[in-house]
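Breakdown of the fold
This is what each chain is made of:
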Amino acid sequence: MKASMETTATKPNLVSNILVRLLSFVVLVLLARSAYIITVKGRACDFAGDFCFFPDTPKHTTPSSAASATRLRNYYSSVFQDLISEGFLSPDSKSLCIETLTGQDVVALQDIGVINSVGISKKASPPLVRYGPAFRQPFPDNTFDFEFSGDSVLDRTVKPVEFASEVSRTLKPGGFFVVHTSSKDQYSLNSLLELFNSCRLIRSREINAVDSSSPWIREVVLRKEVGVVVNGNKEQFTRGSSVNRCNVPGYIHELISNAEPLLVEEPLKPWLTLKKNMKNAKYLSSLVDIRFKNRHVYVDVGARNYGSSIGSWFKKQYPKQNKTFEIYAIEADRAFHEEYRSKKGVKLLPFAAWVRNETLFFEINREPSKMNVERGRGMGRIQGVQSSSNFLGDSDKIQGFDFAGWLKTTVSERDYVVVKMDVEGTEFHLIPRLFETGAICLIDEMFLECHYNRWQRCCPGVRSSKYQKTYSQCLDLFSSLRKSGVLVHQWW
């Protein structure tokens, strides 16, 4: 009797346990499905009736937001109708709006009859806008006849090359890509064209902006063509005799003509005059927009210690337009190498910039003045360079490397490259080598200290015997650089 009662009592417990386990399993399945929808599909719930625990909060449209959406939709409708009239867009075009912020451009396309239109964004808004970043479009190759990037989206991207590569991949041959950008100068337009190297420029014009705070924007129309590469003019080398010459477009010459003039007359007090002249320098990045460059690179040749120019000048004073620069410090003097180990974001090349790879001997200043030590020049400031085949004087052995060759393998025409060079007279070897190899055409801006038999600070009327070159030869060096399209400044 007792055993029968115990058996009867255990049956409800067994059923309860089974029910609890089934309920727990169902809850886990629903939670896993909801997590999948959120993480993979980029939203809380699907418009097709997906169930989840965190449904999208209904968006309440205020009168002001509704008016803004209408104004934006009307603006894009006007833009797209103009493109249809010009033959860049048609009702049959399969179209994509890239990183659309509101989806109003997609709505505008469908309103004017371009029904097969979709947008992508980092925040999906089905069914018009799918999840997908601009640099990784969720579409196969050669999908679209027309692609559009409005609201200066390309201006803000941190991956311009990947952005352009994806447009080139998903746009059909013969298809059109239209981009709106706030950049205004010819330099930035040329940089933009370099990004889309499978496309040809059809036209560029100014149009009214949707935002009244900006009176106009630039509209650029590109067409994808098979086998066509739009190279930057600055990178096209005209091979004549033994020299590679940069084919410099007119707008670069105009930029350089607007820079601070070179000092034609030799300064009597160069230590004061050159320093004062640098304060009037017009930096290239203060004259043009550099946002469409792939990488931003600063190369300090003859860097000495970190505070000499990288920390005290480039980091603090050079206008970078909120871009992160890759920094290379080229310094052969071992006295400065240890300091760079603790400097993040700076890559030290512990060699001497030279015209080829070989062992060199550097003449070293063994008895520096107290002033030199305080300025960070130290015991081992390089005074000059000679090939090991012509060894003279009290020198240290060091490894030299082909600077021009290194530059050509390190940067490209899509990069923005700034070079500072202070190499104690070796510039008269390095600069001709840069011209000879065509590597000079990869440099956008240069700060060069030219070493010559200048008037001595200590002894009025007496020239330094340390260097044999004249100021006239230095001026020729600066002039040749500016003619080649490099905005060079007289460093001190």
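An unreviewed UniProt entry lists the protein under the name Methyltransferase FkbM domain-containing protein, with Coffea arabica given as the organism. Listed under Subunit (unreviewed entry) in UniProt, the entry text for the protein is "Homodimer."

**Here's the deal with the nonpolar core**
Among soluble globular proteins, nonpolar side chains are generally buried collectively. Counting 80 residues, the largest nonpolar core has Phe-403, Leu-434 and Met-446 as the members making the most contacts within it. The dominant element in this core, judged by the number of residues it contributes, is helix α14 (residues 471–483), at six residues. With near-sequence residues (within four places) excluded, Phe-403 lies in contact with Val-299, Val-301, Ile-330, Ala-353, Trp-354, Met-421, Leu-430 and Leu-434. Counting 25 residues, the second-largest nonpolar core is a separate cluster that includes Ile-120, Val-167, Cys-199 and Phe-292.

**Here's the deal with the side chain of Ser-484**
Inspection of the secondary structure assignment puts Ser-484 in the loop between α14 and β19 (487–490). Judged by its relative accessible area of 5%, Ser-484 falls in the buried class. Once residues within four sequence positions are removed from consideration, Ser-484 is found in contact with Cys-246, Val-248, Phe-435 and Ile-440.

**Section: the sheet that holds strand β2 (residues 117–121)**
Judged by pairing direction, the sheet is mixed, and its seven strands sit side by side in the order β3-β2-β1-β4-β5-β7-β6 without closing on themselves. Looking at strand neighbours, the two that pair on one side only are β3 (129–131) and β6 (199–208), the edges of this open sheet. Ignoring strand direction, the axes of neighbouring strands in this sheet form an average angle of 20°. Two elements, strand β1 (residues 95–98) and β2, share four bridges in a ladder whose sense is parallel. Residue pairing in the sheet places Ile-98 in a bridge with Ile-120 of β2. Its contacts with the sheet place helix α3 (residues 104–111) against β1, β2 and β4 (144–149), and it is angled at close to 175° to β2.

Rules used in this analysis
- Throughout, a residue's number is its position along its own chain's written sequence, starting from 1.
- Note on the predicted model: pLDDT of at least 70 is required for a residue's local features to be given, and 80 or more for side-chain atom pairs to be given and counted; whole-chain, interface and lining totals, by contrast, use all residues.
- The side-chain figures draw on all heavy atoms in the structure; neither hydrogens nor water molecules are used.
- UniProt positions are given in the numbering used here, feature names are shortened, and annotations may be inferred rather than shown by experiment.
- In plain words, nonpolar cores are sets of buried Ala, Val, Leu, Ile, Met, Phe, Trp, Tyr and Cys residues tied together by side-chain atoms within 4.5 Å.
- Buried residues are those whose accessible area, probed at 1.4 Å on protein chains only, stays under 20% of the maximum for their type, while exposed residues exceed 50% and partly exposed ones sit between those limits.
- In this text, helices come from DSSP runs of H or I with a minimum length of four residues, and strands from runs of E with a minimum of two, each type numbered from the N-terminal end.
- What makes two residues a contact is simply this: any of their non-hydrogen atoms within 4.5 Å.
- In this description, strands pair whenever DSSP reports at least two bridges between them.
- A fitted line through C-alpha atoms serves as each axis, taken over the contacting stretch for helices, and the angle formed by two N-to-C directions is quoted from 0 to 180°.

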